[in-house]
Amino acid sequence: MLVSWNTTNQCNLYCDHCYRDAGSVMSSELNTEEARQLIQDIKKAGFKIMIFSGGEPLMRPDIYELISFASSQGLRAVLGSNGTLIDAAAARKLKAAGIMAAGISLDSLDENKHDSFRGLPQASAMTREGLNNLRQAGIPYQIHTTVMEWNSDELEALTDFAIEIGAMAHHVFFLVPTGRGADIEQEALRVAAYEKTIARLMNKQKTVSIEIKPTCAPQFIRVADKKGIPLRFSRGCLAGISYCIINPRGDVQPCAYLDMPLANVRETPFDVIWRDNPLFRTLRTLEYQGKCGSCDYRERCGGCRARAYYYSGGNYMAEDQWCLYKPGERQSDETVG
């Protein structure tokens, strides 16, 4: 079980696809004491991994203190960052605070493309320097790439780059139109390209030792299974089942891309929200509609609940329309690759 806390809405970048629409500090963000209580309640709820994300988490002044506190509670603290602020001193402080791993965003080997997408000149160079500083500090890291039409042909090369720099994994995020991402929905991979790209990534997985994980693309479970690729993952979409997020103000959501605030930790303890919220309980029934409900991969894939919500006009239990698989039929080259 893992939970992601958007520690702040403040960010030094202005990324085209940001689900949080990050930039400036959000009013009424959780203060230090409220954050410490949240961490205790996350532990009480049975979570094992806590992701400190943003915005850009290193822009929060008490971030090292809170990482240290999470570690003291027995949580595995990990960082989700754009990497541009990880100088040598920051890397050492993260290590001392107890951070166990970091996920760093890199969307293209072409520095100009990455910088344009992330909204800051020299962002690519700064991110690469941050990766080097993590390595020097002895903090394991993985590369996070958001795949779009304009960079989809780079994915295998980005995996090779991840291996070259010593990353432990390459996680590829598929766009779900939320926040600023809704403004570039037309740049997302369309259905057939989406399936073929998942298949490409699983084919690449056969040839490399580091982990490749498509994210917000739960159909990778089915594709890997059909290709005979063993995975450490037993479930595709985790929203509300073994994963959720908390935004900077303390609102709890099923996932980053299901922008549905369910309750606030200032009013109800997080562990109670996680246990009792009706929407979480509904997601855990796995009683999906359409072909997701009758699919032989219903329990292992589950379809992307956020994508189902967006493209159905608000039904988070609807079928995932971006899946080409037809339950009970032999897979075509498009769905296996």
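Each residue is numbered by its place in its chain's sequence as written, counting from 1. In view of the model being predicted, local features appear only for residues whose pLDDT reaches at least 70, and side-chain atom pairs are presented and counted only at 80 or more, with totals across whole chains, interfaces and linings using the full set of residues. For side-chain calculations, the full set of non-hydrogen atoms in the structure is used, while hydrogens and water are omitted.

Draft legend 1. Structural view of the environment of S28. Examined against the element boundaries, S28 turns out to sit in the loop between strand 1 (2–6) and helix 1 (32–44). Between the alpha carbons of S28 and G250 there is a distance of 9.1 Å; along the sequence they are 222 residues apart. Leave out the neighbours within four places in its chain, and S28 touches P248, R249 and R266. Comment: elements are numbered from the N terminus, with helices defined as DSSP H or I runs of at least four residues and strands as E runs of at least two. Any pair of residues with heavy atoms lying within 4.5 Å of one another is described as a contacting pair.

Draft legend 2. A look at the pairing of strand 2 (residues 49–53). Partly exposed residues are those whose accessible area sits between 20% and 50% of the maximum for their type, while under 20% is buried and over 50% is exposed, using a 1.4 Å probe and protein chains only. Counting buried positions along strand 2 gives four out of five residues, so the element sits mostly inside the fold. In the sheet, strand 2 pairs with strand 3 (residues 76–81) via four bridges, with the strands oriented parallel. Looking across to strand 3, one finds that M50 is bridged to A77. For two strands to be treated as a pair, DSSP must find no fewer than two bridges joining them.

Draft legend 3. Seen up close, the packing of helix 2 (residues 63–72) against helix 3 (residues 88–97). Only C-alpha atoms enter the line fits that serve as axes; for helices the fit covers just the stretch in contact. Angles between N-to-C directions range over 0 to 180 degrees. Contact pair helix 2 / helix 3: the axes reach a minimum separation of 8 Å and the direction vectors enclose 25 degrees. With respect to each other, helix 2 and helix 3 are oriented roughly parallel. On the side of helix 2, the interface is formed by Y64, I67, S68 and S71, while helix 3 contributes A90, K93, L94 and A97. Three categories are distinguished: nonpolar for Ala, Val, Leu, Ile, Met, Phe, Trp, Tyr, Cys and Pro, charged for Asp, Glu, Lys and Arg, and polar for the others, with Gly belonging to the last. Here the residues of the contact of helix 2 with helix 3 are counted per class, giving five nonpolar, two polar and one charged. Here the angle decides the label: under 35 degrees means roughly parallel, over 145 means roughly antiparallel, 65 to 115 means roughly perpendicular, and every other value means oblique.

Draft legend 4. Representation of helix 6 (residues 155–164) within the structure. Every buried residue belonging to helix 6 is among L155, L158, T159, F161 and A162, and all of these are buried. Down the axis of helix 6, the sector holding all buried residues measures 160 degrees, keeping them to one side. Among the structural elements, helix 5 (123–137), strand 5 (141–147), strand 6 (169–174), helix 7 (191–205) and strand 7 (211–215) are those in contact with the buried residues of helix 6. The arc in question is the one spanned by the directions pointing from the helix axis to the C-beta atoms.

Draft legend 5. Quick look at the sheet that holds strand 5. Here we have 10 strands laid out as an open sheet, ordered 7-6-5-4-3-2-1-8-9-10, and mixed in their pairing. The open sheet has two edge strands, strand 7 and strand 10 (263–264), and neither has a second partner. Bridge analysis of strand 3 against strand 4 (residues 101–105) gives four bridges, and the strand direction is parallel. What sits directly across from L79, in strand 4, is A102.

Draft legend 6. Looking closely at the nonpolar core. Of all hydrophobic cores here, the largest spans 69 residues; its most connected members are W5, I42, M50, F52, L94 and F270. At six residues, the largest contribution of residues to this core is made by helix 2. In this structure, W5 is in contact with L30, A35, L38, M50, I51, F52, S53, R60, L66, I246, N247 and P248, ignoring residues within four places of it in sequence. Each nonpolar core is a collection of buried residues, namely Ala, Val, Leu, Ile, Met, Phe, Trp, Tyr and Cys, held together in the definition by side-chain atoms within 4.5 Å.

Draft legend 7. Just the packing of aromatic side chains, in detail. Under the pairing criterion, centres of Phe, Tyr and Trp rings, with the six-membered ring standing for Trp, must be within 6.5 Å; the plane angle then separates stacked pairs below 30 degrees from edge-to-face pairs above 60, leaving the rest tilted. Applying the stated rule across the entire model yields 11 aromatic pairs. Between F47 and F270, the aromatic rings sit 5.6 Å apart at their centres with planes inclined by 55 degrees, giving tilted as the arrangement. One end of the pair, F47, is in the loop between helix 1 and strand 2; the other, F270, is in helix 9 (residues 270–276), with 223 residues separating them in the sequence. Taking the relative accessible area as the measure of exposure, F47 reaches 1% and is therefore buried. On the accessibility criterion, F270 (0% relative accessible area) is buried. Measuring from centroid to centroid gives 5.3 Å for F174 and Y194, while their planes differ by 85 degrees, and the two rings are edge-to-face. Residue F174 is found in strand 6, and its partner Y194 is found in helix 7; the two are separated by 20 residues along the sequence. For the pair F174 and Y194, a shared accessibility class is recorded, and that class is buried. The lysine or arginine in question, R305, covers the ring of Y288, its NZ or CZ lying 4.2 Å from the ring centre. Here, a charge over a ring means that NZ of Lys or CZ of Arg falls within 6 Å of the ring centre while also lying within 35 degrees of the ring normal.

Draft legend 8. Spotlight on the pattern of salt bridges. A pairing counts as a salt bridge when a side-chain nitrogen of Lys or Arg comes within 4 Å of a carboxyl oxygen of Asp or Glu. Considering all chains together, one arrives at 13 salt bridges under this definition. The partner of D160 in a salt bridge is K204, with the nearest N and O atoms 2.9 Å apart. Pair noted here: D160 is in helix 6 and K204 is in helix 7, with a separation of 44 residues, a long-range link. Residue class for D160 comes out partly exposed when judged on its relative accessible area of 38%. Through salt bridges with shared partners, a single ionic network connects R275, D276 and R281.

Shape descriptors only; they carry no functional weight alone.
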